[in-house]
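Fold and contact review
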Amino acid sequence: MAQKFTVKSFQEAKENNRKISMLTAYDYSMAKMVDAAGIDSVLIGDSLGMVFQGHESTLPVTVDEIIYHTKAVARGVKNALIVADMPFLSYHISKEEAVRNAGRMIKEGGAEAVKIEGGALFTETIKAIVDAQIPVMGHIGLTPQSVNAFGGFKVQGRDEQSAKRLLEDAKLLEKAGVFAITLECIPDKLAQLITKSVSIPTIGIGAGKDCDGQVLVINDMLGMFSDFVPKFVKQYAKLNVEITAAVRSYASDVKEGRFPADEHTFDMDSEVLKKLY
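This report concerns the structure included in the present document. (Residues numbered from 1 in each chain as written. Predicted model: local features only at pLDDT ≥ 70, side-chain atom pairs only at ≥ 80, totals over all residues. Heavy atoms only, no water.)

**Let's talk about the pattern of salt bridges**
Which entries qualify depends on this criterion: A carboxyl oxygen of Asp or Glu within 4 Å of a side-chain nitrogen of Lys or Arg is what we treat as a salt bridge. A run of DSSP states H or I qualifies as a helix once it reaches four residues; a run of E qualifies as a strand once it reaches two. Both are numbered from the N-terminal end. Buried means the residue's accessible area, taken with a 1.4 Å probe over protein chains only, is under 20% of the maximum for its type, while exposed means over 50%, and partly exposed covers the values in between.
In the structure shown here, the tally under the stated rule is 10 salt bridges. A salt bridge links Asp85 to Lys115; the nearest nitrogen and oxygen atoms lie 2.7 Å apart. Here Lys115 lies in strand S4 (residues 113–117) and Asp85 lies in strand S3 (residues 81–85), a separation of 30 residues in the sequence. Considered together, Asp85 and Lys115 belong to a single accessibility category, that of buried residues. With a shortest N-O distance of 2.8 Å, Lys164 and Glu160 are connected by a salt bridge. Of this pair, Lys164 and Glu160 both sit in helix H8 (residues 160–176), four residues apart, which is roughly one turn of the helix. Each of Asp64, Arg104 and Glu108 takes part in a single network of salt bridges with overlapping partners.

**Details of a positive patch on the surface**
Applicable threshold: Exposure above 30% relative accessible area and the lack of any salt bridge qualify a residue for a patch; like charges then connect within 9 Å, and the nonpolar side chains Val, Leu, Ile, Met, Phe, Trp and Tyr within 5 Å. Method for areas: the Shrake-Rupley scheme with a 1.4 Å probe, in which residue coverage is limited to the protein chains shown. The charge count includes Lys and Arg as positive and Asp and Glu as negative, but it does not include His or the ends of the chains. Throughout, a charge is located at the NZ atom of Lys, the CZ atom of Arg, the CG atom of Asp or the CD atom of Glu.
Together, Lys19, Lys189, Lys196 and Lys209 line one region of the surface with positive charge. Within the element layout of this structure, Lys209 appears in the loop between strand S7 (202–205) and strand S8 (213–216). Judged by its relative accessible area of 69%, Lys209 is exposed.

**Some words on the environment of Gly204**
Condition: Only heavy atoms enter the contact rule, under which two residues are in contact if any of them lie within 4.5 Å.
Here Gly204 lies in strand S7. Taking the C-alpha atoms as reference points, Gly204 and His139, 65 residues apart in sequence, are found 9.8 Å from one another. For Gly204, the contacting residues outside a window of four places in its chain are Leu183, Cys211, Gly213, Gln214 and Val215.

**A few points about the nonpolar core**
Let me state the cut-off plainly: What makes a nonpolar core is a set of buried Ala, Val, Leu, Ile, Met, Phe, Trp, Tyr and Cys residues whose side-chain atoms join them at distances within 4.5 Å.
Core analysis: the biggest nonpolar cluster contains 74 residues, and Phe10, Ile129 and Leu183 have the highest contact counts within it. Broken down by element, this core gets its largest block of residues, six residues, from H8. What Phe10 contacts, discounting residues up to four positions off in sequence, is Phe5, Ile20, Ser41, Leu81, Met137, Phe179, Ala180, Pro201 and Ile203.

Structure (structure tokens):
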């Protein structure tokens, strides 16, 4: 029987030079499959706003929606650590509201940790959540909730000033008490430097191979989301092609009368049937 992965397991993995695997999931069936495959951590990402709801960004996602999807995922996960994203404006207004929203994700959703985007600006908020006994994962680099401020989904940390800021942000997040930091869309050499500069694990997404672990959006990794494919994504399957072909075959079978066949139907006693006429 597999051992439960926890926030302590994250730290042990870094100390033992063992890479951490992480994927998003948004529903029971996918979460169950991902967990059974041996993934270390499952993220209920606000990426659901794009790949699940069809929005152009993650900004419309609400706390209630994250909680809804977290509930579904939690029912399917036995061993992976369940991390829920705190969506836009769920932790920006006040520390008290941030703690309340994070607590709802734990208490109502079944998450075991939350993830917050941003660096120095949110350290006091993160401290308040950690003080409430809620584990927090940080997230710096390309933070999708800041897409309007960034002017689009762009690589971060390429110039000296922004690279220094990200390095400092990572150290401040560690001091604030996060158990890990997601590094998104930053140069691999900068991610390597950050990973060496902090004692907590780094989880990369478009940040190179030297992070302590990796995370991808499951819909990207399985080739289910075809609107666009980020450069950092490796598609391990082309399910959009397979699913479309399967649905086309089903529709054809229905129209041509090939489905349902005898093996897909239920019989009844002929004597009973006679009494119905």
